[in-house]
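Given next are the chains, with one letter for each unit.
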Amino acid sequence: MEDYGIILVSHGELCRGLYQTAEMVFGTLENVAAVPFKQNQPLEEYKEELLDALERYGNNSIILADLFAGTPFNLILNIGKETRLNAVCGMNLPMLIAALDMRSMGRKPEEILEELCMAGKDGVKNITEYVDRIRQKIEEKR
């Protein structure tokens, strides 16, 4: 069930990179848009691109933004003053994968925003610490 869109917004091409990587996991992505804010792009032009995506997929879409208080975030904040939006920031691949999974299960956008934040946080791991624990367990077995 994919009755709403997922819109990725970022400084530069980060959102397109995440989109392409998610396609490697899920195949062709339906109702997903990447809207990058390009260097030296006029703010009004970027706003029109984001509004076009919202018009295409609906205000009920989930917006994943890259950075708190950055230009895409501030634009979402301003648009959100006029109409309710479902948006989170700190976008990363685990968050996008969780959004795609939960949407495919029929979960509603307004129900999953906090879960998306948790998925994003849970996807961040200290690999060095993880490897050290494995190495320690191996040494303990000797």
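Residues numbered from 1 in each chain as written. Predicted model: local features only at pLDDT ≥ 70, side-chain atom pairs only at ≥ 80, totals over all residues. Heavy atoms only, no water.

Trainee: How would you sum up the nonpolar core? Please name residues and give values.
Mentor: Grouped together as the largest cluster of nonpolar side chains are 23 residues, with contacts concentrated most on Ile6, Leu8, Val32, Leu64, Leu96, Leu100 and Leu116. Taken together, the elements giving at least two residues each to this core come down to β1 (6-11), α1 (14-26), β3 (62-65), α4 (93-104) and α5 (109-122). Here this core gets six residues from one element, more than from any other, and that element is α4. Within the second largest apolar cluster, 16 residues are counted, among which are Val9, Tyr46, Ala53 and Ile63. (Core = buried A, V, L, I, M, F, W, Y, C linked by side-chain atoms within 4.5 Å. Buried < 20%, exposed > 50% of the residue type's maximum accessible area, 1.4 Å probe, protein only. Helix = DSSP H or I, 4+ residues; strand = E, 2+ residues; numbered from the N terminus.)

Trainee: Mind laying out a nonpolar patch on the surface, listing which residues take part and the relevant values?
Mentor: Together, Ile127, Tyr130, Val131, Ile134 and Ile138 line one region of the surface with nonpolar side chains, adding up to about 470 Å² of accessible area. By the secondary structure assignment, Ile134 is in helix α6 (residues 127-141). By relative accessible area, which is 40% here, Ile134 ends up partly exposed. (Patch = residues over 30% accessible without salt bridge, like charges linked within 9 Å, V, L, I, M, F, W, Y side chains within 5 Å. Areas by Shrake-Rupley, 256 points an atom, 1.4 Å probe, with all protein chains shown as cover. Salt bridge = Lys/Arg side-chain N within 4 Å of Asp/Glu carboxyl O.)

Trainee: Outline the pattern of salt bridges, listing residues and values.
Mentor: All chains considered together, the criterion is met by five salt bridges. Here Arg135 makes a salt bridge to Asp132, at a shortest N to O gap of 3.2 Å. With Arg135 and Asp132 both in helix α6, this residue pair falls three residues apart, about one helical turn. Relative accessible area serves as the criterion here: at 44%, Arg135 is assigned to the partly exposed category. Take Asp132: its relative accessible area is 39%, and that puts it in the partly exposed class. Among the charged side chains, a network of salt bridges with common partners joins Arg107, Glu111 and Glu115.

Trainee: Any details on the pairing of strand β2 (residues 32-37)? Residues and values, ideally.
Mentor: Extensive coverage of β2 is indicated by the burial of five of its six residues. In terms of strand pairing, β1 meets β2 through six bridges, oriented parallel. Along β2, the bridge assignment pairs Ser10 with Pro36. Between the parallel pair β1 and β2, the chain is carried across by α1, and the sense of this crossover is right-handed. (Pairing = 2+ DSSP bridges. Right-handed = clockwise from strand over helix to strand, strands pointing away.)

Trainee: I'd like to hear about the sheet that holds β1, residue by residue, with values.
Mentor: Read across the sheet, four strands follow the order β2-β1-β3-β4 without closing on themselves; strand pairing throughout is parallel. With one partner strand each, in any of the chains shown, β2 and β4 (86-89) form the two edges of the open sheet. Strand-to-strand twist in this sheet, taken as the mean axis angle between neighbours without regard to direction, amounts to 20°. Relative to β4, β3 runs parallel, the two being bridged by four bridges. Paired with Ala65 across the strands is Cys89, a residue of β4. In this fold helix α2 (residues 43-57) packs onto β1, β2 and β3, with an angle of close to 170° to the strand it touches most, β2. Those strands touched by α5 are β3 and β4, and its axis lies near 5° from that of β4. (Axes fitted to C-alpha atoms, helices over the stretch in contact; angles between N-to-C directions. Contact = heavy atoms within 4.5 Å.)

Remember, this is a structural readout, not a statement about activity or role.
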